[in-house]
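The primary structure of each chain is shown beneath.
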Amino acid sequence: MSRTTFKELKERADSIYQRYDAHFAGKARATRDLELLDTLLSELEGVIEEGTSQINGSRDPAIVSLLEMARDNQQVYRDERQAIVEAKEAGPISEEAARVIADANLVFGQYRRHFAGKDRRTRDMGLLMEIITDLEEVRARMKALVKSHRAEIEPNLQIVEDNLRMYRNEAHQVEAAQSQGTPQEQADLLATLANNQFTLYREHFAGKSRHTRREGLLERMIEQLKRARASMQRLKKRGLRSQANDRNVGIITDNVKVYARELSAIKEAKAELTTEQIAGSLGSAANEVMAEYREHFAGQNRATRDLAKLSLMCDQLAEIGRQMHAIEVKSPLEMNAKNLDIVNDTRTMYEREYREVEKAKVGA
């Protein structure tokens, strides 16, 4: 029997990936064919076995790279299979209803990562208000579907209503917590809140392509910095004598100027592109996040994984997804719609993985 060449092995792997993308990526899970997915998993296992036998003690970089991708995708497909099983066990559901329910769960996941069980004094009020706005939009979409999909939507709509009340109450609690303490304690807290915004800038803007950055996030950050600066200035007027506080007012002022210039530059950069070009750039940015996930999380020991890094990946994909959604609302594109479905499905997987990593760390 002739030995399988590297080219043939790569073609087999690429065929599997293409069929997976065509039949599973971005599709309603409750409607997917588990038998086909099992076939793809079986074929991928064959590719991995054949590639492993070809290495035979050597470290051919081409084979190593092929195997790494195959194993990464194998884990993705296994996770997707479990998600499909869970979706089918939940009963039949329309694609439209499934999408809005999935979007609600993504909002719940973001809230859970950033607010549940966290110190209220250090929380980002701008993010919380954005989460509330997102859930209000989900609620409106559910209300529009409840008559035609009552059995599917009504119980989920109640969950959304309950969470909205909880999030709004949390906003009041956060505001109250951040106003407590002595003037010096409040000044120290305001410095921490400002530093959190600086961190956000480094994570989401520094060194990133302006074509894929969301103006709304930077506007939100500028507003939060201005609020912190105003509170620092009020403390000074009320008698706080602190060189650190005075210095922090200046630091915030300088950064607000930098961020405002960057905001203008982002708008100008995007204005030079067509909608199709922006959509393509967003797809590439999503692929970069997914590649980083494969490098740091796929197939790794969950107990040793970095939760903060995974949370950031969830947020980075959320930022990309927001921009893709905005394109769909204003100028729908087939390519963008497909990419948005892939991004949202991937976000769902990452949120699930975040919870699994949490549990693994507790167990460890």
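Residues numbered from 1 in each chain as written. Predicted model: local features only at pLDDT ≥ 70, side-chain atom pairs only at ≥ 80, totals over all residues. Heavy atoms only, no water.

Caption draft 1: Quick look at the packing of helix α1 (residues 6–23) against helix α2 (residues 34–55). Their axes nearest at 10 Å, the elements α1 and α2 cross at an angle of 160 degrees. Classified by the angle between their axes, α1 and α2 sit roughly antiparallel to one another. When the axes of α1 and α2 are compared, the crossing they make is left-handed. In this structure, α1 uses Phe6, Leu9, Arg12, Ala13, Ile16, Tyr17, Arg19, Tyr20 and His23 to contact α2, whose residues at the interface are Leu36, Leu37, Leu40, Glu43, Leu44, Gly46, Val47, Glu50, Gly51 and Gln54. Looking at the contact of α1 with α2 residue by residue, the classes come out as 11 nonpolar, four polar and four charged. (Axes fitted to C-alpha atoms, helices over the stretch in contact; angles between N-to-C directions. Helix = DSSP H or I, 4+ residues; strand = E, 2+ residues; numbered from the N terminus. Parallel < 35°, antiparallel > 145°, perpendicular 65-115°, else oblique. Left-handed = near helix turned anticlockwise from the far one by under 90°. Contact = heavy atoms within 4.5 Å. Nonpolar A, V, L, I, M, F, W, Y, C, P; charged D, E, K, R; others polar.)

Caption draft 2: Looking closely at the UniProt feature "coiled-coil region" (unreviewed entry) in the chain. In this numbering, the UniProt entry assigns the feature "coiled-coil region" (unreviewed entry) to residues 132–177 and 218–276. Between the C-alpha atoms that bound residues 132–177 there is a distance of 19 Å. The span itself is 91% helix and 0% strand. Regarding residues 218–276, the helix share stands at 86% and the strand share at 0%, and the terminal C-alpha atoms are separated by 23 Å. (UniProt positions renumbered as here; feature names shortened; annotations may be inferred.)

Caption draft 3: Main features of the packing of helix α7 (residues 183–204) against helix α8 (residues 215–237). At a minimum axis distance of 10 Å, the contact between α7 and α8 shows a crossing angle of 160 degrees. Overall, the two elements α7 and α8 adopt an arrangement that is roughly antiparallel. Crossing geometry of α7 relative to α8 is assigned as left-handed. Taking contact as the criterion, the partners of Pro183, Gln186, Ala187, Leu190, Ala191, Ala194, Gln197, Phe198, Leu200, Tyr201 and His204 in α7 are, on α8, Leu217, Leu218, Arg220, Met221, Gln224, Leu225, Ala228, Ser231, Met232 and Leu235. Looking at the contact of α7 with α8, its residues break down into 15 nonpolar, five polar and one charged.

Caption draft 4: Region of the structure containing the environment of Leu333. One can find Leu333 in the loop between α11 (307–330) and α12 (334–363). Since its relative accessible area comes to 17%, Leu333 is described here as buried. Distance in space between the C-alpha atoms of Leu333 and Thr133 is 25 Å, their sequence separation being 200 residues. With residues near it in sequence (within four places) discarded, Leu333 still touches Thr275, Glu276, Ala279, Ile327 and Glu328. (Buried < 20%, exposed > 50% of the residue type's maximum accessible area, 1.4 Å probe, protein only.)

Caption draft 5: Spatial organisation of the pattern of salt bridges. Summed over the entire model, instances satisfying the criterion amount to 27 salt bridges. The partner of Asp14 in a salt bridge is Lys10, and the shortest N-O contact between them spans 3.0 Å. With a gap of four residues between them, Asp14 and Lys10 both fall in helix α1, about one helical turn apart. Sharing partners across several salt bridges, the network here consists of Asp124, Glu130, Asp134, Arg214, Arg220, Glu319 and Arg322. (Salt bridge = Lys/Arg side-chain N within 4 Å of Asp/Glu carboxyl O.)

Caption draft 6: How the structure looks around the environment of Gln110. Mapped onto the secondary structure, Gln110 falls in helix α4 (residues 95–114). Note on Gln110: relative accessible area 9%, which makes it buried. Distance in space between the C-alpha atoms of Gln110 and Tyr354 is 11 Å, their sequence separation being 244 residues.

Caption draft 7: Geometry of the domain arrangement of the chain. By domain assignment, the chain separates into domain 1 (6–90), domain 2 (93–180), domain 3 (182–264) and domain 4 (273–363). Here the C-alpha centroids of domain 1 and domain 4 sit 19 Å apart. Contacts between domain 1 and domain 4 engage 10 residues on the former and nine residues on the latter. A buried area of about 920 Å², summed over both sides, lies between domain 1 and domain 4, and 50% of it is on carbon and sulfur atoms. Where domain 1 packs against domain 4, one counts zero salt bridges. One can count zero residue pairs in polar contact (both at pLDDT 80 or more) joining domain 1 with domain 4. Split by residue class, the side of domain 1 that touches domain 4 holds four nonpolar, two polar and four charged. (Domains from an automatic or database assignment. Buried area = accessible area lost by both parts, 1.4 Å probe. Polar contact = N/O pair within 3.5 Å; in protein donor to acceptor, adjacent residues only side chain to side chain.)

Caption draft 8: Main features of the packing of aromatic side chains. Inspection of the entire model under this criterion finds eight aromatic pairs. Relative to Tyr167, the ring of Tyr111 has its centre 3.9 Å away and its plane inclined at 15 degrees; by these criteria the two rings are stacked. Of this pair, Tyr111 sits in helix α4 while Tyr167 sits in helix α6 (residues 150–178), and the two are 56 residues apart along the sequence. Accessibility assignment for this pair places Tyr111 and Tyr167 in one class, buried. Geometrically, the ring pair formed by Tyr201 and Tyr259 is stacked, given 4.3 Å between the ring centres and 10 degrees between the ring planes. With Tyr201 in helix α7 and Tyr259 in helix α9 (residues 243–271), this residue pair connects regions lying 58 residues apart in the sequence. (Phe/Tyr/Trp six-rings, centres within 6.5 Å; stacked < 30°, edge-to-face > 60°.)

Caption draft 9: Region of interest: the nonpolar core. Counting 48 residues, the largest nonpolar core has Tyr77, Tyr293, Ile320 and Tyr350 as its most contacted members. At the level of secondary structure, the elements contributing two or more residues to this core comprise α1, α2, α3 (61–89), α10 (275–296), α11 and α12. Taken domain by domain, this core gets at least three of its residues from each of domain 1 (6–90) and domain 4 (273–363). When near neighbours in sequence (up to four residues on either side) are disregarded, Ile320 contacts Leu282, Ala285, Ala286 and Val289. Grouped together as the second largest cluster of nonpolar side chains are 25 residues, Tyr111, Phe115, Leu128 and Ile132 included. (Core = buried A, V, L, I, M, F, W, Y, C linked by side-chain atoms within 4.5 Å.)

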